[in-house]
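If you want the building blocks of each chain, they are given just below.
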Amino acid sequence: MSDPSISASLREQTLNLLASGEATSRADLVEALRVAPSTVSGLVRRLLDEGVILEEGVGRSTGGRRPRILRLRETDGVFAVSELGGRHARVGLSSLDGRLLAAEEVAIDIAAGPKKVFDAIARAFTRIRAAEAPGQALLGVGVALPGPVRFPSGRLVGPARMPGWSGVDAQADLKERFDVPVVVENDAKAAAIGEHITRGRDTGDMIYVKAGTGIGGCLVSGGQVYRGSRGLSGDLTHGRVADSGERHCSCGRRGCLETVASGAALVQQLKEQGLPVATTRDVIAAAVDADPTVVTMVRRAGELLGVALSGLVNFLNPDAVVIGGALSSLDVYMAAARGVLYECCLPSMTQSLSIEASVAGPDAALAGLGHLARTVADVPLS
């Protein structure tokens, strides 16, 4: 595995640069990564020792010694990745160089429990591999869950919206099923990793929010996910907010952000208004159709998310706030959250703050899982 002195982020950026052809030599990597030549030399030496890259041939001289050409070793195989939601799972295949080869959604019921849900995911993996990567070896599996996950053990800790899952050792279960290295992560953290990788090395410190049926969050600082003392950081959804109406939350308390700013909250509130909505997707469709009641409630939900985030922005002073998840597709939700952040945060904190929707979109978690799976997999050499 990689040298602990070399960050996973730097290693991943190096492999991506070599895979894309943006870098083919040590000098290219020094320029692209903006690190010291000694750091690149140590990283390249480690990757050569691992057999992940090859050094062969020489390039054109620019005045000094001709550079040795670096390239990824060609290895057959794929990583199976999946992000689970309440009613749907996004399932895909990731290549060794980080490309998402395929992605689709399958219906699940998270309340059916681990066995039935993992059975459905396993069937989806088998089908997609047969269609998109026949004959390719399965190198590893990555799964993101919509609840608190203790990383890297992969054990769930008190998930509010996953009845029957608390304490489940999802990583052990999946290892037994697939007999390959497995990584299990919280969905918001996996998406934050994917978003950071997609945006590239110049992203800076980022607060990532996944606003879907529930609301999750993650801080990425210095290219690394902040996990907290027990690996459970990022719980935005159960923070208390003003103007919540004291609504009951799935955690058993009242007045949480989830009860007013999430997709589940919007569904419940619109049902109370007599509107025919059953899922977050229904809410999004109605908002896109400019239903005035829906637009008003979506705007209010975005404002309350902005209120919850404003304290974090003032405290952490990030370079960017990125909102992903299904609700980030609604301009009215994004604009409301952005407006409140500018209103409630100190001007010094927002002067250069970027507040925008995810660029990785619905595949952010899959991209993050592909990265995590590659870091734990013992990849066979060709």
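Look above for the structure.
Since the model is a prediction, treat every value here as computed from it, not as a measurement.

Conventions and cut-offs
Position labels on residues start from 1 in each chain and follow its written sequence. Residues qualify for local features only when their pLDDT is at least 70, as the model is predicted, and side-chain atom pairs are given and counted only at 80 or more; totals for whole chains, interfaces and linings, by contrast, use all residues. To get the side-chain values, take all heavy atoms of the structure and skip hydrogens and water. Helix and strand assignments follow DSSP, with helices taken as H or I runs no shorter than four residues and strands as E runs no shorter than two, numbered in order from the N terminus. A 1.4 Å probe rolled over the protein chains alone gives each residue an accessible area, and that area as a share of the maximum for its type sets the label: buried under 20%, exposed over 50%, partly exposed in between. When checking whether two residues touch, look at their non-hydrogen atoms; a contact exists if any pair is within 4.5 Å. The Shrake-Rupley method, run with a 1.4 Å probe sphere, supplies the accessible areas, and residue values consider only the shown protein chains as cover. We treat Lys and Arg as the positive residues and Asp and Glu as the negative residues; His and chain ends play no part in the count. In plain terms, the charge of a residue is placed at NZ if it is Lys, CZ if Arg, CG if Asp and CD if Glu. For two strands to count as paired, DSSP must find a minimum of two bridges between them. Helix axes are fitted to C-alpha atoms over the stretch in contact, other axes to C-alpha atoms as well, and angles between N-to-C directions run from 0 to 180 degrees. A side-chain nitrogen of Lys or Arg and a carboxyl oxygen of Asp or Glu constitute a salt bridge if their distance falls within 4 Å.

Comments concerning the overall build of the protein chain
Logical step 1: A count of helical and extended segments in the protein chain gives 13 helices and 14 strands.
Logical step 2: Projected onto the principal axes, the alpha-carbon positions of the protein chain cover approximately 70 × 50 × 40 Å.
Logical step 3: Within the protein chain, buried positions represent 49% of all 382 residues.
Logical step 4: Taking the contacts inside the protein chain whose residues are at least 6 apart along the sequence as the reference set, 59% of them involve residues at least 24 apart.
Logical step 5: Here the protein chain displays about 17300 Å² of accessible surface, and carbon together with sulfur accounts for 50% of that area.
Logical step 6: When the 40 positive and 42 negative side-chain charges of the protein chain are each reduced to one mean point, those points stand 3 Å apart.

Looking at the sheet that holds strand E4 (residues 88–94)
Logical step 1: One open sheet holds the five strands; their spatial order is E5-E4-E3-E6-E9, and the pairing between them is mixed. Bordering the open sheet on either side are strand E5 (100–107) and strand E9 (182–186), each of which pairs with just one other strand. Sheet twist, expressed as the average angle between the axes of neighbouring strands with direction ignored, equals 15 degrees.
Logical step 2: Against the sheet, helix H4 (residues 114–132) contacts strand E3 (78–84), E4, E5 and strand E6 (138–145), and its axis sits at roughly 40 degrees relative to E4.
Logical step 3: Relative to E9, helix H5 (residues 170–178) is tilted by about 145 degrees, and along the sheet it contacts E6 and E9.

What to know about the side chain of Lys189
Logical step 1: As for its position among the elements, Lys189 is in helix H6 (residues 187–199).
Logical step 2: Of the side chains bearing the opposite charge, Glu185 lies closest to the buried Lys189, which forms no salt bridge; the N-O distance is 5.3 Å.

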